[in-house]
Amino acid sequence: MTSSAKELLRNLPAIGEVLERADVVRLRASHTHEAVAAAVRVVVARWREQVRSGEFCAEQLDEALGKAGELVGVELLRSLQPRLRRVINATGVLLQTNLGRAPLSARAVAHMAEVANGYCNLEYDLERGERSRRDVLVEDLLLDVLDVRRAANSNEEVQAAAVVNNCAAATFLALNTLAEGGEVVVSRGELVEIGGGFRVPEILAKSGAMLREVGTTNKTRVADYAAVIGPQTRMILRVHRSNFEIRGFTEQPSLEELVALGKRVAVPVFEDQGTGCLVDLETFGLHGESSLRRSVRSGASLVAASGDKLLGGPQCGLLVGSEQAIAKLRSNPLFRALRVDKLTYAALEATLMAYRVGDEDEIPVLGMLRTPAEAIRRRCERWADELRNDAVRATVVETRCVIGGGTTPGASVASFAVSLRVAGLSEAGLAARLRGLELPVVARVNEGQVLLDLRTVAPADDDVVLAMLRTEFVR
Ligand SMILES: *Cc1c(COP(=O)(O)O)cnc(C)c1O
């Protein structure tokens, strides 16, 4: 630091001094003293930093002091902004866990608003006028959508369903309820970490069950499972490899084969299916993805899935399985601790209803997935045309979108993006400016390019985002 900077630092006004300034005192008319003082502290700390880094000389500091009221006012407004904000996802990753995974359908949002805007029958039976349970609210609808239970005349078991906070909670509850104190048999190829902090061996240990590993990382056979099953075995666990692939010499029994083994030795089979996918992804050119329907129909005792991945609903964990298994889960005291609120039920019910009536495209994730690449290219052309000028270079480039959120590893769909360059800004600088917009835009930075992939941007947002970008960059 130069000696003049040190001198300036010594002369920085004290917090109390700034608070006494007439233009700052005026802010007290509409804000509490504490809020104003907090904003002043932030502003003075910023000045100190600017002096230290050499950004501010005496003149600039004087100038800043002259408009202290304005700066503190801006800081006050900023401090009142919600921290959780809507953003535009231009990354092309459909299920971005960092960006809140699945956006909800208009129907789901409307149903949440309706239920939130007063009282509701969360645990109240309107017919009988007495107390009921929340966990039965969406059970029939979910089973209908999965097309199970109605098979009353077959020898299939009667199915039931319950909802908890997320798939991690569902898996934990299943392990704790069905396997505490006993052994759970898992393939070494499925001892995985899915997303931050969800590690199968750790969650298993916390549930009070003991891990019995079988097979190898790449190959596990039915015989490997059969060899270790004994009186101590409580469960055969299958974990869907939702965020990675093993290629080459690999072998893994199908879920159906595990179910057959489980029946033979009278041990329940539980699958952590994860993705909650209810549509045929082959039609999007995505191969080999596991389907929740197929898992449930396999005859497994219990299947767990996420609500906010490919199902396209709110964060929750769906548990579907035999009536007996679900009844045990419900009687575990942990079930109460893992329950979801009325808003989750509202969003889930509306999302499932879209499947029920065949309006799957109204679920944003599925609608985005289904959009033809050509339609995205046309929107990109329009964006590029409206943004391009002397200082802005905007071109349309081909991209690939991944689904993300721990689903369909290695698979991608064709898409298009606007590649943006602004004179005087590095890629990182441009990406930061985009994130700093009033409605933040999260772009993909790839091989030195800032890409706005429009597959994950709702067409309804085009106009507002374009207007914002034009104001910011096109002058
Ligand atoms: C995503 C996933 C989980 C975790 O789901 P959350 O709903 O995020 O808790 C667990 N298991 C599998 C197989 C998954 O894909």
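Whatever comes next refers back to the structure up there.
Residues numbered from 1 in each chain as written. Predicted model: local features only at pLDDT ≥ 70, side-chain atom pairs only at ≥ 80, totals over all residues. Heavy atoms only, no water.

Participant: Any chance you could explain the site of the ligand here in plain terms?
Facilitator: The environment of the ligand is made up of 13 residues, and the closest members are A168, S242, D272, S306 and K309. The contact in question runs from an oxygen atom of the ligand to an N or O atom on the backbone of A168, over 2.8 Å. In this structure, S306 approaches the ligand through a side-chain N or O atom, which is 2.4 Å from an oxygen atom. Coverage of the ligand by the protein chains reaches 94% of its 380 Å² of free accessible surface. (Near = heavy atom within 4 Å. Polar contact = N/O pair within 3.5 Å; in protein donor to acceptor, adjacent residues only side chain to side chain. Areas by Shrake-Rupley, 256 points an atom, 1.4 Å probe, with all protein chains shown as cover.)

Participant: What am I meant to see in unusual backbone geometry here?
Facilitator: Residues other than glycine seldom take positive phi values, yet R101 does so here, at roughly 55°. Within the element layout of this structure, R101 appears in the loop between strand 1 (88-90) and helix 7 (106-116). One non-glycine residue, A266, lies in the positive phi region at around 55°. Summarising the element assignment, A266 is placed in the loop between helix 12 (255-265) and strand 8 (269-274). When its relative accessible area of 67% is taken as the criterion, A266 is described as exposed. (Helix = DSSP H or I, 4+ residues; strand = E, 2+ residues; numbered from the N terminus. Buried < 20%, exposed > 50% of the residue type's maximum accessible area, 1.4 Å probe, protein only.)

Participant: Looking at this model, I keep getting lost on the sheet that holds strand 13 (residues 441-446). Mind explaining?
Facilitator: Strands belonging to one sheet form pairs held by backbone hydrogen bonds; the direction of such a pair is parallel or antiparallel. The strand order across the open sheet formed by 5 strands is 1-13-14-12-11, and the pairing between neighbours is mixed. Strand pairing shows two members of the sheet lacking a second neighbour, strand 1 and strand 11 (392-401), which therefore form its edges. Pairs of neighbouring strands in the sheet enclose a mean axial angle of 35°, with direction left out of account. Alignment of strand 12 (residues 413-422) against strand 14 (residues 449-453), held across 4 bridges, turns out to be antiparallel. Across the sheet, L420 pairs through a bridge with V450, a residue of strand 14. Helix 20 (residues 462-473) rests against strand 1, strand 11, strand 12, strand 13 and strand 14 of the sheet, and its axis sits at about 70° to strand 13. (Pairing = 2+ DSSP bridges. Axes fitted to C-alpha atoms, helices over the stretch in contact; angles between N-to-C directions. Contact = heavy atoms within 4.5 Å.)

Participant: Can you walk me through the packing of helix 1 (residues 3-11) against helix 4 (residues 33-52) in this structure?
Facilitator: What describes two packed helices is the angle between their axes and the distance between those same axes. One way to put it is that helix 1 packs onto helix 4 with a least axis distance of 9 Å and a crossing angle of 165°. Taken together, the axes of helix 1 and helix 4 lie roughly antiparallel to each other. Crossing of helix 1 over helix 4 shows right-handed handedness. Contact residues: A5, L8 and L9 in helix 1; R48, V51 and R52 in helix 4. The residue inventory of the contact of helix 1 with helix 4, partitioned by class, reads 4 nonpolar, no polar and 2 charged. (Parallel < 35°, antiparallel > 145°, perpendicular 65-115°, else oblique. Left-handed = near helix turned anticlockwise from the far one by under 90°. Nonpolar A, V, L, I, M, F, W, Y, C, P; charged D, E, K, R; others polar.)

Participant: Please explain the side chain of Q159 as it appears in this structure.
Facilitator: With respect to the helices and strands, the residue Q159 is situated in strand 4 (residues 159-164). If we ignore the near neighbours within four places in the chain, the residues touching Q159 are L143, V148, R149, V296, V320, G321, S322 and E323.

Participant: What should I look at first to understand the environment of G73 in this one?
Facilitator: Inspection of the secondary structure assignment puts G73 in helix 6 (residues 68-80). Given the relative accessible area of 15%, G73 is considered buried. Taking the C-alpha atoms as reference points, G73 and L27, 46 residues apart in sequence, are found 7.1 Å from one another.

Participant: How do you make sense of the pattern of salt bridges when you look at a structure like this?
Facilitator: A side chain of one charge can pair with a side chain of the opposite charge if their charged atoms are brought near each other. In this structure the tally under the stated criterion is 39 salt bridges. As a salt-bridge pair, D135 and R330 come within 2.3 Å of each other at their nearest N and O atoms. Taken as a pair, D135 in the loop between strand 3 (130-131) and helix 8 (139-146) and R330 in helix 14 (residues 323-331) lie far apart in primary sequence, 195 residues in all. Through salt bridges that share partners, E123, R131, R134 and R339 make up one connected network. (Salt bridge = Lys/Arg side-chain N within 4 Å of Asp/Glu carboxyl O.)

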